[in-house]
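Listed below are the residues making up each chain.
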Amino acid sequence: MIKLRFSSLILLLLTASVSESLAQQEYQIPEIIIEAEIQRNGTIEINESRHYQFQGSFSWADYRLPRDGFDEMRNIRVSEQGQDYQLTDNGEPGSYTVTESDDEIVITWHYEAVDTERTFTVSYELDGAILHGQEWSELFWTWIGSDREKSTADFEVLIGFPNELTADSLYYWSRTPEDLIEFSHEGSQLTLSGQNISRSQSIPVRILMPVTLFDSSTITNREAAIQLDRIIAEENEITEREKRRAERRAAVAELAPGITMLLSLFSIGIIIFLYQRFGKRHQTSTYSTVSTTMVPGRAEPALVGRLLSFYQTHSIHLTATLFDLARRGWFTLEEEDSEKKWYQSKPVTEFRVAATVQSPAETLEEWERMVVDYVNNRLRLGKSKLSEVFGSSDSETMKWYPTWSKEVKRAFKERKWKDEKSMKGVYLNLILQGLIVILSIILMVLGGMIGVVAMIISIIMLACSTTLIRRTKEGEEAYMRWKSYREGLKKADERILFKDRLDRHFVYAIAFGLREKELTKLIEIGSQHRDSDIFPWLFVIPGSGSTPITAAQNLSKHSALSVTSGSSVSGGGASVGAAGGGASGGAG
């Protein structure tokens, strides 16, 4: 025992140590600097330096580039402070690999870093990223992608051209929020920079430059769509569209608090109105709500269990049906000891089901008949153990159980305990609250996060749809009677329990889902001074000293059969006006 406690303590300390280590492992990429040199042959030499801040131990990082907007990526290199990493897949520090899929190219490099700062440079050449027209050439590139793990505080791109360019021979546009990116042009260099770039923000930039910058012998294709006036008009239209969108957002943001209040009140008002119209409970003042152990009626345990389980059929209702059929003379249950396992202190009690010699002369409900037929069929197959009769791993059981549940549902519906008209209120609430959720999301997008208040309230009101489902007047009366009986069984003591009906109480207690402790207490209290004829359908192990009472206590451990219903689960190149690039990546 001391060794076990010591081992547990060591395991606990190791777990705490690992958890603390994971909590302390963090990294940031506060700075990204990209140098892009455009060559006369149309290729682009890119050197992207990423500055990492490590907290904890790290050994790898990657660079992911979508395969869009270029024809070829070559001469891929990784370096650190001028020292080149080696292209190899041995995973050693100072090495890197290049892999590719249909969607992206992944560059992964390895190193050793603990609580330090490092700067890595990824270099490569791009071919086919620049498109050419008759007079102008276009580079439309996403310099930083939106699928990054970390935000970046400082971001800068230095783009070098083959020759110096005047202001009227270089055009550029950024498809980003206004004021996020600043441009600076001087001679043969264009600089764009930004601060606090969110990890979800991409930086696509469109550049037009004279086609005379490039060696004409290297241009094999001319794009007719690359025309200065056309592209300026297109970008101006995009800018105006974004401006109008920003103005709409500002207007909505100003109205957002009031709209949020109206949507919230409307959402609450809908549920109140629908509850008054469809969900208000019927009055049952003539029925006592005091707990009792008098069985309220002759309704079958499975149907009553469904009534008290919010109209759902569970495996305990099947268990209760089997026990009820045994109580009425259709089956018997015999206690036996199973073989003791090495990890058990004593053998576990099992029960075998057997059909009686003569079936009772009574008419069964269809769903009860289904249980009798199914159990008898299982017995003919030699599956008599209670755990085998309705085994969850048995495909036959998994196919049978949903059919049985549907039959119970049909029989329950015939009792007319549930007000089917109240479902109209449920559907109306789902539709109306769903619309408010959608409007709230739109409000969040256009007017800011205050719209989340309306969304949360409408989701809560959406979840309240279940409160609109009500019982009929007869159903409400039955519910109150059987609920009082259930509470009486939970609180049963020897002064109020009708002992001559103990096995019937036991069956209903199973259907109500009473816990094993509550079932044991019920049996102990109800069986005082009586050790026979209380469970006549329950046979004990001869010579074991067990009684029907102790056997019933063991049987309570099998109150929920392991049956369930089954389910199956099935589970390159650049173009005019379209941005390529968009690198992302992480570290670990």
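Just so we're clear, the structure is a prediction, and the values are computed from it rather than from any experiment.

(A) Highlighting the overall build of the chain. A count of helical and extended segments in the chain gives 13 helices and 20 strands. Counting every position in the chain, which comprises 588 residues, the buried fraction comes to 44%. Of the roughly 31500 Å² of accessible surface on the chain, a fraction of 51% belongs to carbon and sulfur atoms.

(B) Structural view of the confidence of the model for the chain. For the chain, the mean per-residue pLDDT works out to 83, and 81% of the residues sit at or above 70. Low pLDDT, under 50, characterises residues 1-16; the stretch is placed with zero contacts to residues that sit more than four places away or in other chains. Between residues 562-571, whose pLDDT stays under 50, and residues either more than four places distant or in other chains, the model counts 15 contacts.

(C) Structural detail: the sheet that holds strand β4 (residues 72-80). If you trace the eight strands from one edge of the open sheet to the other, you get β5-β4-β9-β2-β1-β12-β15-β14, paired in mixed fashion. Of all the strands in the sheet, just β5 (83-84) and β14 (182-186) have a single pairing partner and so form its edges. Here strand β12 (residues 152-160) pairs with strand β15 (residues 189-197) via eight bridges, running antiparallel. Along β15, the bridge assignment pairs D154 with Q195.

(D) Spatial organisation of the environment of F161. Residue placement: F161 occurs in the loop between β12 and β13 (171-174). The exposure class assigned to F161 is buried, which follows from its relative accessible area of 4%. In this structure, the C-alpha to C-alpha distance between F161 and I38, residues 123 residues apart in sequence, is 5.2 Å. Beyond its immediate stretch of four places on either side in the chain, F161 contacts I38, L170, S188, Q189, L190, I207, M209 and L213.

(E) Quick peek at the sheet that holds strand β6 (residues 86-87). Strand order across the open sheet formed by four strands is β3-β8-β7-β6, with mixed pairing between neighbours. Each having just a single partner strand, β3 (57-66) and β6 make up the two edges of the open sheet. Both β3 and strand β8 (residues 104-114) contribute to a ladder of nine bridges, which runs antiparallel. By the bridge assignment, A61 is partnered in β8 with W109.

(F) Quick look at the pattern of salt bridges. Summed over all chains, the structure comprises 31 salt bridges. Between D127 and R74 there is a salt bridge; the shortest N-O distance is 3.7 Å. In this pair, D127 sits in strand β9 (residues 117-127) while R74 sits in strand β4, placing the two residues 53 residues apart along the sequence. Judged by relative accessible area, R74 falls into the partly exposed class, the value being 25%. Between E235 and R206 there is a salt bridge, with its nearest N and O atoms 2.8 Å apart. Of this pair, E235 sits in helix α2 (residues 228-279) while R206 sits in strand β16 (residues 204-210), placing them 29 residues apart in sequence.

(G) Representation of the packing of helix α10 (residues 473-490) against helix α11 (residues 502-512) in the model. Viewed as axis vectors pointing N to C, α10 and α11 meet at an angle of 105 degrees, and their least axial separation amounts to 10 Å. Between α10 and α11, the angle falls in the class roughly perpendicular. Facing α10, whose interface residues are W482, Y485, R486 and L489, α11 presents R504, H505, Y508, A509 and F512. Taken together, the residues that form the contact of α10 with α11 break down as six nonpolar, one polar and two charged.

(H) Local environment of the packing of aromatic side chains. Applying the stated criterion to the full structure yields 28 aromatic pairs. Note on Y85 and F120: the rings are 6.4 Å apart at their centroids and 85 degrees apart in plane angle, and the pair reads as edge-to-face. Of this pair, Y85 sits in the loop between β5 and β6 while F120 is found in strand β9, placing the two residues 35 residues apart along the sequence. As far as burial versus exposure is concerned, Y85 and F120 are alike and both buried. Aromatic ring contacts, followed pair by pair, group Y27, Y52, F54, F58, Y85, W109, Y111 and F120 into a single cluster.

(I) Molecular detail of the pairing of β15. Relative to β15, β14 is paired through five bridges, and the arrangement is antiparallel. Along β15, the bridge assignment pairs F183 with L192. In this structure, the hairpin formed by β14 and β15 is closed by a connection of two residues, where G187 is found at a positive phi of approximately 65 degrees.

(J) Quick look at the side chain of T191. Locating T191 in the fold gives a position in strand β15. Ignoring sequence-local partners within four residues, the contact set of T191 consists of E156, V157, L158, E182, F183 and S184.

(K) Summary view of the packing of helix α4 (residues 315-327) against α11. Where α4 meets α11, the closest approach of the two axes is 8 Å, and the angle between their N-to-C directions is 165 degrees. Of the possible angle classes, the one that applies to α4 and α11 is roughly antiparallel. Between α4 and α11 lies a crossing of left-handed hand. Contacts between α4 and α11 involve I316, H317, T319, A320, F323, D324 and R327 from the first element and D503, R504, F506, V507, I510 and A511 from the second. Residue composition of the contact of α4 with α11, grouped by class: seven nonpolar, two polar and four charged.

(L) Up close: α2. With 52 residues, α2 extends just 66 Å between its outermost C-alpha atoms, more than 12% less than the 76 Å of an ideal straight helix rising 1.5 Å per residue. Its axis deflected by about 55 degrees at A256, α2 carries its strongest bend there, up to four residues before the proline P257.

(M) Molecular detail of unusual backbone geometry. Of note, Q81 is a non-glycine position whose phi angle comes to about 50 degrees, a positive value. Following the sequence through the fold, Q81 ends up in the loop between β4 and β5. For Q81, a relative accessible area of 78% corresponds to the exposed category. A positive phi angle, close to 55 degrees, is found at K416, a residue other than glycine. Its location among the elements puts K416 in the loop between α7 (395-414) and α8 (422-447). Judged by its relative accessible area of 62%, K416 falls in the exposed class.

(N) Inspection of the side chain of H317 at higher detail. Along the chain, H317 falls in helix α4. Only 3.4 Å separates the side chain of H317 from the backbone oxygen of G305, close enough to count as a polar contact.

(O) Here's a closer look at the environment of L307. With respect to the helices, strands and loops of the structure, L307 is situated in helix α3 (residues 301-307). Each C-alpha atom, one on L307 and one on K483, is 9.4 Å from the other, the two residues being 176 residues apart in sequence. Not counting the four nearest positions on each side in its chain, L307 is found in contact with F412, W417, R471, G475, A478 and Y479.

(P) Structural detail: the environment of T397. Its place among the elements puts T397 in helix α7. In this structure T397 comes out as buried when scored by relative accessible area, which is 0%. Among the polar contacts made by the side chain of T397, one reaches the side chain of Y374 at a distance of 2.7 Å.

Scoring rules and cut-offs
- One numbering rule holds for all chains: residues counted from 1, following each sequence as written.
- For a predicted model such as this one, the threshold for reporting local features is a pLDDT of at least 70, and the threshold for listing and counting side-chain atom pairs is 80 or more; totals across whole chains, interfaces and linings nevertheless cover every residue.
- The side-chain quantities take in all heavy atoms of the structure and omit both hydrogens and water.
- Elements are defined by DSSP. Helices are runs of H or I of four residues or more, strands are runs of E of two residues or more, and each kind is numbered from the N terminus.
- Burial classes: relative accessible area under 20% of the type maximum marks a residue as buried, over 50% as exposed, and values in between as partly exposed (1.4 Å probe, protein chains only).
- Methods summary: accessible areas were calculated by the Shrake-Rupley approach with a probe of 1.4 Å, and residue burial reflects only the protein chains presented.
- Values of pLDDT, which run from 0 to 100, indicate the predictor's confidence residue by residue.
- Should any heavy atoms of two residues lie within 4.5 Å, those residues are counted as being in contact.
- Whether two strands pair depends on DSSP finding at least two bridges between them.
- In what follows, salt bridge is the name for a side-chain nitrogen of Lys or Arg lying within 4 Å of a carboxyl oxygen of Asp or Glu.
- Where helices are involved, their axes are fitted lines through C-alpha atoms of the stretch in contact, as for all axes, and angles between N-to-C directions lie from 0 to 180°.
- By the definition adopted for this analysis, an angle is roughly parallel if under 35 degrees, roughly antiparallel if over 145, roughly perpendicular if from 65 to 115, and oblique otherwise.
- As a working rule, the residues Ala, Val, Leu, Ile, Met, Phe, Trp, Tyr, Cys and Pro are called nonpolar, Asp, Glu, Lys and Arg charged, and the rest polar, with Gly in that last group.
- What counts as a ring pair is set by centres within 6.5 Å for rings of Phe, Tyr and Trp (its six-membered ring), and what kind of pair is set by the plane angle: stacked under 30 degrees, edge-to-face over 60, tilted for all other angles.
- For a crossing to be left-handed, the near helix must be turned anticlockwise from the far one by less than a right angle; the clockwise case is right-handed.
- Working rule for helices: expected span equals 1.5 Å times residues minus one.
- What the bend at a residue measures is the angle between two axes, fitted to the seven residues ending there and to the seven starting there.
- Whenever a nitrogen or oxygen atom comes within 3.5 Å of another N or O atom, the pair is scored as a polar contact, on the condition that within protein one atom can donate a hydrogen and the other can accept it, and that pairs from neighbouring residues in sequence are kept only if both atoms are in side chains.

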